[in-house]
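This is what each chain is made of:
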Amino acid sequence: MKGAGPAPAAGPARRRRHWTRRPNPLAGLGSVLWLAVVLVPLYAMITTSLTHQDEALGGNALKPPAHPTLDNYATVLHNGFGHFLLNTVITAAAVVAIVLVLCVPLSYVAVRTRGFWSGAAFRLFLLGVAIPAQAVVIPLYLMIAKLRLYDSLLAVVLPTAAFAMPVSVLILTGTLRDVSEELYEAMALDGASPARMLFQLAVPMAKGGIGTVVVYAALQAWNGFLFPLIFTQSDGPRVLTLGLFTYVSQFGVDIPALLASVVLSGIPIFAVYLVARRALVGGLMGVGGK
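Conventions used here
- Residues numbered from 1 in each chain as written.
- Predicted model: local features only at pLDDT ≥ 70, side-chain atom pairs only at ≥ 80, totals over all residues.
- Heavy atoms only, no water.
- Axes fitted to C-alpha atoms, helices over the stretch in contact; angles between N-to-C directions.
- Helix = DSSP H or I, 4+ residues; strand = E, 2+ residues; numbered from the N terminus.
- Parallel < 35°, antiparallel > 145°, perpendicular 65-115°, else oblique.
- Left-handed = near helix turned anticlockwise from the far one by under 90°.
- Nonpolar A, V, L, I, M, F, W, Y, C, P; charged D, E, K, R; others polar.
- Contact = heavy atoms within 4.5 Å.
- Expected span 1.5 Å × (residues − 1).
- Buried < 20%, exposed > 50% of the residue type's maximum accessible area, 1.4 Å probe, protein only.
- Phe/Tyr/Trp six-rings, centres within 6.5 Å; stacked < 30°, edge-to-face > 60°.
- Lys NZ or Arg CZ within 6 Å of the ring centre and 35° of its normal.

J.: What's the story with the packing of helix H5 (residues 81-112) against helix H8 (residues 154-176) in this structure? I'm lost.
T.: Any two packed helices are characterised by the angle at which their axes cross and by the distance between the axes. Where H5 contacts H8, the two axes come as close as 8 Å, and the packing angle between them is 40°. Relative to H8, the element H5 lies oblique. H8 is crossed by H5, and the crossing has right-handed handedness. Tallied by class, residues from the contact of H5 with H8 come to 20 nonpolar, five polar and no charged.

J.: I keep staring at the packing of H5 against helix H11 (residues 207-222) and nothing clicks. Help me out?
T.: Axis separation between H5 and H11 bottoms out at 8 Å; the angle between their running directions is 140°. Classified by the angle between their axes, H5 and H11 sit oblique to one another. Of the two elements, H5 crosses H11, and the hand of that crossing is right-handed. Contact residues: H5 offers Leu 85, Thr 88, Val 89, Thr 91, Ala 92, Val 95, Val 96, Val 99, Leu 100 and Val 104, while H11 offers Ile 210, Val 213, Val 214, Ala 217, Ala 218, Ala 221 and Trp 222. Residues that form the contact of H5 with H11 fall into these classes: 15 nonpolar, two polar and no charged.

J.: Sorry, what's going on with H11 here?
T.: Taking 1.5 Å as the rise per residue, H11 with 16 residues should run 22 Å; its terminal C-alpha atoms sit 22 Å apart, in good agreement. What H11 keeps buried is the set Gly 208, Gly 209, Ile 210, Gly 211, Thr 212, Val 213, Val 215, Ala 217, Ala 218, Ala 221 and Trp 222.

J.: How should the packing of aromatic side chains be read in this particular structure?
T.: In this description, an aromatic ring pair is defined by two values, namely the gap between the centres and the angle between the planes. Throughout the structure, instances matching the rule amount to five aromatic pairs. Relative to Phe 227, the ring of Phe 163 has its centre 5.7 Å away and its plane inclined at 45°; by these criteria the two rings are tilted. On the criterion of sequence distance, the pair formed by Phe 163 in helix H8 and Phe 227 in helix H12 (residues 226-231) is long-range, its members being 64 residues apart. For Arg 112, the ring lying beneath its charged end belongs to Tyr 184, and the centroid distance is 4.0 Å. Across the ring face of Phe 122, the terminal group of Arg 177 is positioned such that the distance to the ring centre comes to 5.5 Å.

Listed below in structure tokens is the structure:
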């Protein structure tokens, strides 16, 4: 009789496991459709970048090139792509550094302090989420001109970092709120200062949120077009998004070279995503991937 006890519970458990493993055709169909929406444009872009100009203008974008060529990539590399890439990397790295240096302590203070000023600063940063860059581009232009930063990388870095900070603060405060209060109390009993608790407890526990902020800020800087277009003019501070205009003229567009430049410009940021994808997912799900 003792061996027959667990038998009634085994049936429902087995049925529950069977229920959770039941296939979902609608979800599978939706995944396939979404994958097609993402992959078909990428396929068309890569195949077109390997074709000649006449074939790109008169052919089918989904058809494999009859005579694949890498001449378009050679053209891109010989038309200042390295210079544009270096400027974009410098801009993205500076934006990420500014956002982390300012947003991590600010988010920590917003979470750990219950004062009026900390709450007001947090609400002020949240207000920045609702302000589009297009609405303040003229005042920003006047400020950049008064500071004599026009036509420099700083003219792109500073406003890009400023507009990336509201969302970054929102992400980091949500991550830091998940850190257990008991951990802070234990460090306080050991005599830890607020700065020590920030760097030895909050920052390690918020790696997921910090990784999310790094990817987000880097994407904002890498794909930024409005600020480089308005605040720069010469070829010196030109970034990749403006470098695409090299293949656009009043007489036409060099479509294969343009798409080859897009492919090359997307490789570095895609590599950053591959490295930081775990931290990105962890930051979106909370500390420890909860």
